[in-house]
Amino acid sequence: MPVNRKYPLAQLVAACEYYQRQKGRMITFEYILIAGVNDGPDQVKPLAALATRLHAKINLIPYNTVAGLPWKRPADDVQQAFLDALERLKVPVTLRREKGHDIDAACGQLRLKTKRKLPHASG
């Protein structure tokens, strides 16, 4: 992900470990599931290992497809399989099941749609 150029994963993990030593609180990772990018079975074990290492919870968020952007939302059965695989590995995990993505009314979709209609709009 582009953010990793500025904040490499190793630095992020070190910061999470420091936070946990200082605060003793659970960390929650927001993991956006993107079809064909990071929703495959090969992604489950590394994510579970990281969550276990950091005593973290995973909040799976299916990507909200946005017109003009190349990414897609995983099918419901793929989302469920990813959730089930993490649960089998005893990782605390939830799957966000928001509504509105099918009519471009989910998180991020309306904002982009509005920005495209209003060329002077800034974000």
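Residues numbered from 1 in each chain as written. Predicted model: local features only at pLDDT ≥ 70, side-chain atom pairs only at ≥ 80, totals over all residues. Heavy atoms only, no water.

*Asks:* What exactly am I supposed to notice about the nonpolar core here?
*Replies:* A general feature of soluble globular proteins is that nonpolar side chains tend to end up buried together. Ranked by size, the top nonpolar core spans 21 residues in total, and within it Phe29, Tyr31, Ile58, Leu60, Phe82 and Leu86 carry the most contacts. If near-sequence neighbours (up to four positions away) are discounted, Leu86 is found in contact with Val44, Leu47, Ala48, Ile58, Leu60, Val91 and Val93. (Core = buried A, V, L, I, M, F, W, Y, C linked by side-chain atoms within 4.5 Å. Buried < 20%, exposed > 50% of the residue type's maximum accessible area, 1.4 Å probe, protein only. Contact = heavy atoms within 4.5 Å.)

*Asks:* What should I look at first to understand helix α3 (residues 44–53) in this one?
*Replies:* In an α-helix, one turn spans 3.6 residues; hence positions three or four apart end up facing the same way. Within α3, burial applies to Val44, Leu47, Ala48 and Ala51. Buried positions in α3, seen along its axis, are confined to an arc of 100° and lie on one side of it. Residues Lys45, Pro46 and Arg53 are exposed on α3 and point more than 90 degrees away from its buried face. Its buried side turned inward, α3 meets β1 (27–33), β2 (56–62) and α4 (76–88). His55 sits one or two positions beyond α3 and adopts a positive phi of about 50°. (Helix = DSSP H or I, 4+ residues; strand = E, 2+ residues; numbered from the N terminus. Arc of directions from axis to C-beta.)

*Asks:* Quick question: what am I supposed to make of the side chain of Asp39 here?
*Replies:* Following the sequence through the fold, Asp39 ends up in the loop between β1 and α3. Put simply, Asp39 is tucked away with no salt bridge, and the nearest opposite charge, on Arg73, sits 10 Å away. Sequence-distant contacts of Asp39, defined by excluding residues within four places in its chain, comprise Leu33, Ile34, Pro74, Val78 and Phe82. (Lys, Arg positive; Asp, Glu negative; His and termini not counted. Salt bridge = Lys/Arg side-chain N within 4 Å of Asp/Glu carboxyl O.)

*Asks:* Explanation requested: the packing of α3 against α4 in the structure shown.
*Replies:* Between two packed helices, what matters for the description is the angle formed by their axes and the separation of those axes. Where α3 contacts α4, the two axes come as close as 10 Å, and the packing angle between them is 45°. With respect to α4, the axis of α3 lies oblique. Crossing handedness for the pair α3 and α4: right-handed. Counted together, Val44, Leu47 and Ala48 of α3 and Phe82, Ala85 and Leu86 of α4 form the full contact between these two elements. Class assignment for the residues of the contact of α3 with α4 results in 6 nonpolar, no polar and no charged. (Axes fitted to C-alpha atoms, helices over the stretch in contact; angles between N-to-C directions. Parallel < 35°, antiparallel > 145°, perpendicular 65-115°, else oblique. Left-handed = near helix turned anticlockwise from the far one by under 90°. Nonpolar A, V, L, I, M, F, W, Y, C, P; charged D, E, K, R; others polar.)

*Asks:* Where do I start with a nonpolar patch on the surface in this structure?
*Replies:* Together, Val37, Leu69 and Trp71 make up a nonpolar patch on the protein surface, roughly 260 Å² of accessible area in all. Mapped onto the fold, Leu69 is located in the loop between β2 and α4. For Leu69, a relative accessible area of 32% translates into the label partly exposed. (Patch = residues over 30% accessible without salt bridge, like charges linked within 9 Å, V, L, I, M, F, W, Y side chains within 5 Å. Areas by Shrake-Rupley, 256 points an atom, 1.4 Å probe, with all protein chains shown as cover.)

*Asks:* Got a minute to help me understand the packing of aromatic side chains in this structure?
*Replies:* For any two aromatic rings, the description comes down to two numbers: the centre-to-centre distance and the angle of the planes. Considering all chains together, one arrives at 2 aromatic pairs under this definition. Ring centres of Tyr63 and Trp71 lie 6.2 Å apart, and the angle between their planes is 80°; on these two criteria the pair is classed as edge-to-face. In this structure Trp71 comes out as partly exposed when scored by relative accessible area, which is 38%. (Phe/Tyr/Trp six-rings, centres within 6.5 Å; stacked < 30°, edge-to-face > 60°.)

*Asks:* Quick question: what am I supposed to make of the sheet that holds strand β3 (residues 93–95) here?
*Replies:* As a general point, the strands of a sheet are linked pairwise by backbone hydrogen bonds and lie either parallel or antiparallel. Pairing is parallel across the open sheet formed by 3 strands, whose spatial order is β1-β2-β3. The outermost strands of the open sheet, each flanked by one partner alone, are β1 and β3. For this sheet, the mean inter-axis angle between neighbouring strands, taken without regard to orientation, is 20°. One ladder, built from 7 bridges, connects β1 with β2; its direction is parallel. Bridge assignment links Leu33 to a residue of β2, and that residue is Pro62. (Pairing = 2+ DSSP bridges.)

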